[in-house]
Amino acid sequence: MVNCIDNSGAAVVECVKVLKMKRHAKIGDRIIVVVQKQRNFGPESGPGGSVSISAANKVRRGDIRHAVVVRTAKKVQRPDGSVVKFDDNACVLINKGGEPIGSRLNSIVGSELRDKKWSKILSLAPMHL
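Residues numbered from 1 in each chain as written. Predicted model: local features only at pLDDT ≥ 70, side-chain atom pairs only at ≥ 80, totals over all residues. Heavy atoms only, no water.

S.K.: Can you explain the pairing of strand 4 (residues 64–71)? Please cite residues and give values.
M.R.: For strand 4, the buried fraction is high: six of the eight residues fall into the buried class. Taken together, the five bridges between strand 3 (residues 30–38) and strand 4 define a ladder with antiparallel strand orientation. Paired with Ile31 across the bridge in strand 4 is Ala67. (Buried < 20%, exposed > 50% of the residue type's maximum accessible area, 1.4 Å probe, protein only. Helix = DSSP H or I, 4+ residues; strand = E, 2+ residues; numbered from the N terminus. Pairing = 2+ DSSP bridges.)

S.K.: Go over the nonpolar core with me, naming the residues and quoting the values.
M.R.: In terms of nonpolar packing, the biggest core is built from 16 residues, with Val70, Val109, Leu113 and Ile121 touching the most fellow members. When contributions to this core are tallied by element, the ones reaching two or more residues are strand 4, strand 7 (90–94) and helix 2 (119–124). Considering every element that reaches this core, the biggest residue donor is strand 7, with three residues. Once you skip the residues sitting within four places of it in the chain, Val109 turns out to touch Ile5, Val70, Arg71, Phe86, Leu122, Ala125, Met127, His128 and Leu129. By size, the runner-up hydrophobic cluster in this structure holds 14 residues, among which are Val13, Val18, Val69 and Ile101. (Core = buried A, V, L, I, M, F, W, Y, C linked by side-chain atoms within 4.5 Å. Contact = heavy atoms within 4.5 Å.)

S.K.: Please set out the pattern of salt bridges residue by residue, giving values where relevant.
M.R.: Opposite charge on two side chains makes pairing possible when the charged atoms of those side chains draw close. Using the criterion set out here, one finds five salt bridges in the structure. In this structure, the salt-bridge partner of Asp29 is Arg23, at a minimum N-O distance of 3.3 Å. With a relative accessible area of 5%, Asp29 lands in the buried category. Owing to a relative accessible area of 36%, Arg23 belongs among the partly exposed residues under this scheme. In this structure, the salt-bridge partner of Asp29 is Lys116, at a minimum N-O distance of 3.1 Å. Here Lys116 lies in the loop between strand 7 and helix 2 and Asp29 lies in the loop between strand 2 (10–18) and strand 3, a separation of 87 residues in the sequence. (Salt bridge = Lys/Arg side-chain N within 4 Å of Asp/Glu carboxyl O.)

S.K.: Lay out the sheet that holds strand 7 with the relevant residues and their values.
M.R.: Spatially, 1-2-3-4-7 is the arrangement adopted by the five strands of the closed barrel, whose pairing is mixed. Here the average twist between neighbouring strands, direction ignored, is 50°. Pairing of strand 1 (residues 2–4) with strand 2, which is carried by two bridges, proceeds in the antiparallel orientation. The partner of Asn3 across the bridge, within strand 2, is Val12. (Axes fitted to C-alpha atoms, helices over the stretch in contact; angles between N-to-C directions.)

S.K.: Please give an account of the environment of Lys116 that cites residues and values.
M.R.: Given the relative accessible area of 36%, Lys116 is considered partly exposed. In this structure the C-alpha to C-alpha distance between Lys116 and Asp29, which are 87 residues apart in sequence, comes to 8.1 Å. Sequence-distant contacts of Lys116, that is, excluding residues within four places in its chain, are made with Ile27, Gly28 and Asp29. Within the local environment of Lys116, its side chain forms a polar contact with the backbone oxygen of Ile27, the two atoms lying 3.3 Å apart. (Polar contact = N/O pair within 3.5 Å; in protein donor to acceptor, adjacent residues only side chain to side chain.)

S.K.: Before we move on, could you go through unusual backbone geometry and cite the residues and values that matter?
M.R.: For Lys20, which is not a glycine, the phi torsion comes out positive at approximately 65°. The exposed category is assigned to Lys20, whose relative accessible area is 83%. Despite not being glycine, Lys117 has its phi angle at roughly 70°, a positive value. Relative to the assigned elements, Lys117 resides in the loop between strand 7 and helix 2. Residue classification places Lys117 among the exposed positions, given a relative accessible area of 71%.

Next comes the structure, spelled out in structure tokens:
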């Protein structure tokens, strides 16, 4: 299970395939996921009740989507010798063209995304470590 850190409507997703490789996914890898749990935005999402809640959820439970891994709990050795380890595994949902589905990211992402050319995700993130 992988946390989803954007505002696309998914809270927890499950990785079913790592694209273009036969190993585990690292930061910056593209994966195929299934949405397991939806994020409920609640009444604070605006006036209009359920209309604004359904409009805020861009994905539904059971949807199959592409995603990019932005944090891993496995230690990553960087070229300068430092080792980085995050508390959880997290991803950002993207469409087939590689654009993020959500318009906002909730937490930090790994700076290895810069090497893999995911600059759009880095620009949405509040901080990269």
